Amino acid sequence: MLRPDFAKCGGLVPVIAQEAQTGEVLMLAYMNEAAWDKTLETGEVHYYSRSRNTLWHKGGTSGHVQKVHTIRLDCDADTVLIQVTQLGGAACHTGRKSCFYRELAGDTERECSPMVFDPKEVYGK
C-alpha cells in the first residue's frame, strides 16, 4: 500500500490540508507513521505535534475535525496532500478558516480568512 517515506525526513513528513470542495489550502502540519496509520484507520486526520511531541487528532478539542476525501503523495513520497471536509469551518487554532489568513500583496497587508470561533472560548486561552 502507498505510504510516505518517513525515513527520508527523519520520521516526519509535511502534510498540506486542502478543502476538498473549494481547493483552499487550510494548513500545513506534520505526520509520523502513527498519525498516518490513525488517519487511515479513522478517516479523520491525525497529525504529530512537534511542540507537544505527541499524536494529535485534528479537532479533538475544538470539534473542528478534518474528514478525509483523498490522500495524495508527491513524486518523492515525502510530502502529503490531504483533501478534507473541514467540519465546523475552522482549521486554524486562532479561530480562522485557514492558517494562511495573512496576505501580503505589494506593500499591502490584510487578513483574508474569516474568523469562525473565539479561541478563548474553545481552548480557554
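Structure first, text after, so check above.
For clarity, every value in this text was computed on a predicted model and none was experimentally measured.

A.B. asks: What am I meant to see in the pattern of salt bridges here?
C.D. replies: Opposite charge on two side chains permits pairing when their charged atoms draw close. All told, the structure shown has eight salt bridges when counted by the stated rule. The residue Asp37 makes a salt bridge to Arg3 at a minimum N-O spacing of 2.8 Å. Placement of Asp37 in helix H1 (residues 33-42) and of Arg3 in the segment before strand E1 (13-19) is noted, with a sequence separation of 34 residues between them. For Asp37, a relative accessible area of 35% gives the class partly exposed. With relative accessibility at 31%, the residue Arg3 sits in the partly exposed group. In this structure, Arg96 and Glu111 form a salt bridge, with 2.5 Å as the shortest nitrogen-oxygen distance. In this pair, Arg96 is assigned in the loop between strand E6 (80-86) and strand E7 (102-105) and Glu111 in strand E8 (residues 108-111), connecting sequence segments 15 residues apart. Residues participating in the shared-partner salt-bridge network are Arg3, Glu33 and Asp37.

A.B. asks: Before we go on, may I ask you to explain the sheet that holds strand E5 (residues 66-73) in this structure?
C.D. replies: Consider a sheet: its strands pair through backbone hydrogen bonds, and that pairing is either parallel or antiparallel. Here four strands make up an open sheet; going across it, the order is E2-E1-E6-E5 and the pairing mixed. A single partner strand is all that each edge strand has here, and the edge strands are strand E2 (25-31) and E5. Taking the axes of each pair of neighbouring strands and ignoring which way they run, one obtains an average angle of 25° across the sheet. Those strands touched by H1 are E2, E5 and E6, and its axis lies near 120° from that of E5.

A.B. asks: Would you explain the pairing of strand E4 (residues 54-57) in this entry?
C.D. replies: Consecutive side chains along a regular strand alternate between the two faces of the sheet. As defined by bridge partners, strand E3 (residues 46-49) adjoins E4 across four bridges and the pair is classed as antiparallel. Across the sheet, residue Tyr47 finds its bridge partner in E4, namely Trp56. As consecutive antiparallel partners, E3 and E4 are separated by four residues, and within that stretch Asn53 has a phi angle of approximately 55°, a positive value.

Reading the values: the criteria
Residues numbered from 1 in each chain as written. Predicted model: local features only at pLDDT ≥ 70, side-chain atom pairs only at ≥ 80, totals over all residues. Heavy atoms only, no water. Salt bridge = Lys/Arg side-chain N within 4 Å of Asp/Glu carboxyl O. Helix = DSSP H or I, 4+ residues; strand = E, 2+ residues; numbered from the N terminus. Buried < 20%, exposed > 50% of the residue type's maximum accessible area, 1.4 Å probe, protein only. Pairing = 2+ DSSP bridges. Axes fitted to C-alpha atoms, helices over the stretch in contact; angles between N-to-C directions. Contact = heavy atoms within 4.5 Å.

In short, geometric facts, not functional conclusions.
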